[in-house]
Amino acid sequence: MARRGRHAGAAPPPATPWESHLAGRRLGGAAGVMPERYPNPMDTASLERFKALLLEQREEIIGNAAITVNDLLAQAESFPDPADRATLETDRSFTLRLRERERHLLNKIDSALERIANGTFGICEHCGEEISIARLEARPVSTLCITCKTAQEEMESVGRG
Ligand SMILES: [Zn+2]
């Protein structure tokens, strides 16, 4: 094989990137065996479910954004008075801030979808432990386990105080 060298002697890669990730992290590359005490929390069905959930949220945000723009256009036409226009400007900046947040969330959703694709979804990016399914179900874009998230929030609140 032409690609011997880097992978020389390594076991053949497991079936999915997720398994590959877990195998590399915990089993030193041994393929196909999952020890009982490390149940894979993210089987293909769960990944598909989270993917559907994320895509749904994505659609929703994009749908809302479209409505927002249409609302603005409609409002602009119905406020000929300058004072009313000032109100409209305030509304507009509120809407833009809202859209900023939506854009931010869209980015998070996109990177969560990316993590599903590359097999690192559900892994805490700080400590490398699994993020609980319950947490992911509440917030599929989570990148930190609850322990790291709590620690981060404590740090932030100390920084603010
Ligand atoms: Zn963590």
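Participant: Mind showing me how you'd approach the overall build of the protein here?
Facilitator: Along the backbone of the protein there are five helices and zero strands. Put simply, the protein runs from its N terminus to its C terminus through helices and strands in the order α-α-α-α-α. Counting over 161 residues, the protein shows a buried share of 11%. Considering only contacts in the protein between residues 6 or more positions apart, those separated by 24 or more positions represent 47%.

Participant: Would you explain the environment of F121 in this entry?
Facilitator: Tracing the backbone through its elements, the reader meets F121 in the loop between α3 (82-118) and α4 (133-138). Each C-alpha atom, one on F121 and one on L136, is 9.6 Å from the other, the two residues being 15 residues apart in sequence. Leave out the neighbours within four places in its chain, and F121 touches M42, L47, F50, A112, R115 and I116.

Participant: When you look at the nonpolar core in this model, what are you seeing that I'm missing?
Facilitator: Across soluble globular proteins, nonpolar side chains have a tendency to be buried as a group. By size, the foremost hydrophobic cluster in this structure holds nine residues: M42, F50, L54, A112, I116, F121, I131, L136 and C145. Sorting the residues of this core by element identifies α2 (44-78) and α3 as the ones contributing at least two each. Composition of this core by domain shows at least three residues from each of domain 1 (43-121) and domain 2 (124-161). Here A112 is in contact with L54, F121, P140 and V141, once residues within four sequence places are set aside.

Participant: Which parts of the structure should I look at to understand the environment of G122?
Facilitator: Relative to the helices and strands, G122 resides in the loop between α3 and α4. Separated by ten residues in the primary sequence, G122 and S132 place their C-alpha atoms 7.6 Å from one another.

Participant: What is the right way to look at the environment of L105 in this model?
Facilitator: Mapped onto the elements of the fold, L105 is located in helix α3. Accessibility expressed as a C-beta count within 10 Å gives 14 for L105, which makes it partly exposed. Placed 44 residues apart in sequence, L105 and I61 show a C-alpha to C-alpha distance of 8.5 Å.

Participant: In this structure, what is going on with the confidence of the model for the protein? I would like to understand it.
Facilitator: Any residue range with low pLDDT should be treated as having predicted coordinates unsuitable for detailed reading. Predicted confidence across the protein gives a mean pLDDT of 77, with 71% of residues reaching 70 or more. Looking across the protein, the model is least confident in helix α1 (residues 17-26), with a mean pLDDT of 49, and most confident in α4, with 93. Within the model, the stretch residues 23-39 combines pLDDT values under 50 with 17 contacts to residues more than four positions away or in other chains.

What counts, and where the lines are drawn
- Residues numbered from 1 in each chain as written.
- Predicted model: local features only at pLDDT ≥ 70, side-chain atom pairs only at ≥ 80, totals over all residues.
- Helix = DSSP H or I, 4+ residues; strand = E, 2+ residues; numbered from the N terminus.
- Buried ≥ 20, exposed ≤ 12 C-beta atoms within 10 Å, placed from the backbone.
- Contact = placed C-beta atoms within 7 Å.
- Core = buried A, V, L, I, M, F, W, Y, C linked by C-beta atoms within 7 Å.
- Domains from an automatic or database assignment.
- pLDDT = per-residue confidence, 0-100.

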